[in-house]
Amino acid sequence: MNERENVIEVTGLRRRYGPAGPDGFEAVRGMDFTVRGGEVFALLGTNGAGKTSTVELLEGLAAPTEGRIRVLGHDPYRERRLVRPRIGIMLQEGGFPADLTVTETARMWAGCTTGARPVAEALEMVGLEGRARVRVKQLSGGERRRLDLAMALIGRPEILFLDEPTTGLDPEARQRTRELIRALRAGGTTVVLTTHYLEEAETLADRLAIMRAGRIVLAGTPDEVRAAQPSRIRFTLPDGIGAGELPAGIGEVVSDPIDPRAVEVRSRRLQRDLTDLLLWARERDVELTGLDARSASLEEAFLRIAEDGTAGADSDTEPAGVPV
């Protein structure tokens, strides 16, 4: 398959728990997106946004209530035997037998996998080679997460699904895992990950989608998602100068209700608006104390979407966003 072809295609995806009506819950509420071969695609969202429910459908662990999914050209649920050998899955918790050693666990897993990597190679990839003889129950939480990752990698997957892969890891292990994901991507592996670490998505993902209430609200490259939010310029005006005296057309001007001298300008054209503001300040001989200008961050985009109530769980209005 060509590396830039779509290896995952999702159309009109819905997943409902329980019966129709108020006694049920629709976790995924109509999603359309694609994932290209050889890219890292991140699904972001607060708890309950529908990330894990979506990924479980892609993995073939359940059938969608409605919609169409194709993974490597196949329905991952109805044609699971054709898809499963080509994907790797790291769940939020693997649930391996507690009394087996790390090596025994890996050998058991490799025995159920066609074309498995050597056990020693899989453990070395995640930094567990020094814990090979330790029983699973004696591993720390972070080490268990690394074992989960090793088992997801043991079958040399074409598509790797990672559900919160670095949760519980110390900073060194988290960095090593991120480097491993980059190396896998460079080798042609497609990675679909969910994460609560926004800087992780920002640095790893080629494209990402932010979910809320079972829908994708905003999607694109990290740069595109950031660009969809206004930049900001913050400063404090001197006594005697009000926000109403600022030059017209520099964006949305918001004053602090406690200290009206503290001003934030939300701008869609940062360079031009900042230039106009500085020229105005020079002409008026006004000092803008604490001047700070910056483009929107992924965190700001995420928080704004998470807090926006215009398309909540009780709304049937499709939110606007960047096509995936």
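Scroll up to find the structure this text is about.
Computed from a predicted structure; not experimentally measured.

Considerations on the overall build of the chain
Thought 1: Within the chain one finds 10 helices and 13 strands.
Thought 2: Its C-alpha atoms give the chain principal-axis dimensions of about 75 × 50 × 40 Å.
Thought 3: Among the 324 residues that make up the chain, the fraction classed as buried is 47%.
Thought 4: Sequence-distant contacts, at least 24 apart, represent 69% of the contacts inside the chain between residues at least 6 apart.

Regarding the sheet that holds strand β10 (residues 231–236)
Thought 1: On the basis of which strands lie adjacent, the open sheet formed by 4 strands has the order β11-β12-β10-β13 and antiparallel pairing. What marks the edges here is a single partner per strand, and that holds for β11 (252–255) and β13 (289–294). The mean angle between the axes of side-by-side strands here comes to 15°, regardless of whether they run parallel or antiparallel.
Thought 2: As judged from the 6 bridges shared by β10 and strand β12 (residues 262–267), these two strands associate in the antiparallel manner.

Considering unusual backbone geometry
Thought 1: With a phi close to 50°, E164 is a non-glycine residue in the positive phi region.
Thought 2: Along the chain, the position of E164 falls in the loop between β6 (159–163) and α6 (171–186).
Thought 3: According to the relative accessible area criterion, E164 is buried, its value standing at 6%.
Thought 4: The phi dihedral of D285 is positive, around 55°, even though this residue is not glycine.
Thought 5: On the secondary structure map, D285 appears in the loop between α9 (270–284) and β13.
Thought 6: Taking the relative accessible area as the measure of exposure, D285 reaches 71% and is therefore exposed.

Topic: the nonpolar core
Among soluble globular proteins, nonpolar side chains are generally buried collectively.
Thought 1: Within the largest apolar cluster, 45 residues are counted, with the highest numbers of intra-cluster contacts made by L44 and L147.
Thought 2: Considering every element that reaches this core, the biggest residue donor is helix α5 (residues 141–153), with 6 residues.
Thought 3: Setting aside residues up to four positions removed in sequence, L44 forms contacts with K51, T195, L198, A201, L208, A209, I210, M211, L298 and F302.
Thought 4: Core analysis: the second largest hydrophobic core is formed by 29 residues, A27, V35, I69 and I87 among them.

Topic: the pairing of strand β8 (residues 207–212)
Thought 1: For β8, the tally of buried residues reaches 6 of 6 residues, placing the bulk of the element in the interior.
Thought 2: Where burial is concerned, the two faces of β8 agree: the one with R207, A209 and M211 and the one with L208, I210 and R212 are both buried.
Thought 3: Where strand β3 (residues 40–44) meets β8, 4 bridges bridge the pair, whose relative direction is parallel. Each bridged residue has a counterpart across the sheet, and for L44 the counterpart in β8 is I210.
Thought 4: Here β8 pairs with strand β9 (residues 215–220) via 5 bridges, running antiparallel.

Side note on the sheet that holds strand β2 (residues 25–36)
Thought 1: The sheet built from 3 strands is open, its strands ordered β2-β1-β4 with antiparallel pairing. Single-partner strands in this sheet number two, and they are β2 and β4 (66–71). Averaged over all pairs of adjacent strands, the angle between strand axes in this sheet comes to 15°, irrespective of strand direction.
Thought 2: Summarising the sheet, strand β1 (residues 6–17) and β2 pair through 9 bridges and their orientation is antiparallel. Within the sheet, the bridge partner assigned to N6 lies in β2 and is R36.

A short note on the packing of aromatic side chains
Thought 1: Applying the stated criterion to the full structure yields 2 aromatic pairs.
Thought 2: Ring plane angle 5° and centroid distance 5.5 Å describe the contact between F33 and F41, whose orientation is recorded as stacked.
Thought 3: Note on F33: relative accessible area 2%, which makes it buried.
Thought 4: Here the aromatic rings of F96 and W109 are separated by 5.4 Å at their centres, their planes lie at 90°, and the arrangement is edge-to-face. Linking F96 in the loop between β5 (87–90) and α3 (102–111) with W109 in helix α3, this pair joins segments that are 13 residues apart in sequence.
Thought 5: Assessed through its relative accessible area of 14%, F96 is described here as buried.
Thought 6: By relative accessible area, W109 is classed as partly exposed at 31%.
Thought 7: Stacked on the ring of Y197, the Lys or Arg R174 has its end atom at 4.4 Å from the ring centre.

Scoring rules and cut-offs
- Residues numbered from 1 in each chain as written.
- Predicted model: local features only at pLDDT ≥ 70, side-chain atom pairs only at ≥ 80, totals over all residues.
- Heavy atoms only, no water.
- Helix = DSSP H or I, 4+ residues; strand = E, 2+ residues; numbered from the N terminus.
- Buried < 20%, exposed > 50% of the residue type's maximum accessible area, 1.4 Å probe, protein only.
- Contact = heavy atoms within 4.5 Å.
- Pairing = 2+ DSSP bridges.
- Axes fitted to C-alpha atoms, helices over the stretch in contact; angles between N-to-C directions.
- Core = buried A, V, L, I, M, F, W, Y, C linked by side-chain atoms within 4.5 Å.
- Phe/Tyr/Trp six-rings, centres within 6.5 Å; stacked < 30°, edge-to-face > 60°.
- Lys NZ or Arg CZ within 6 Å of the ring centre and 35° of its normal.

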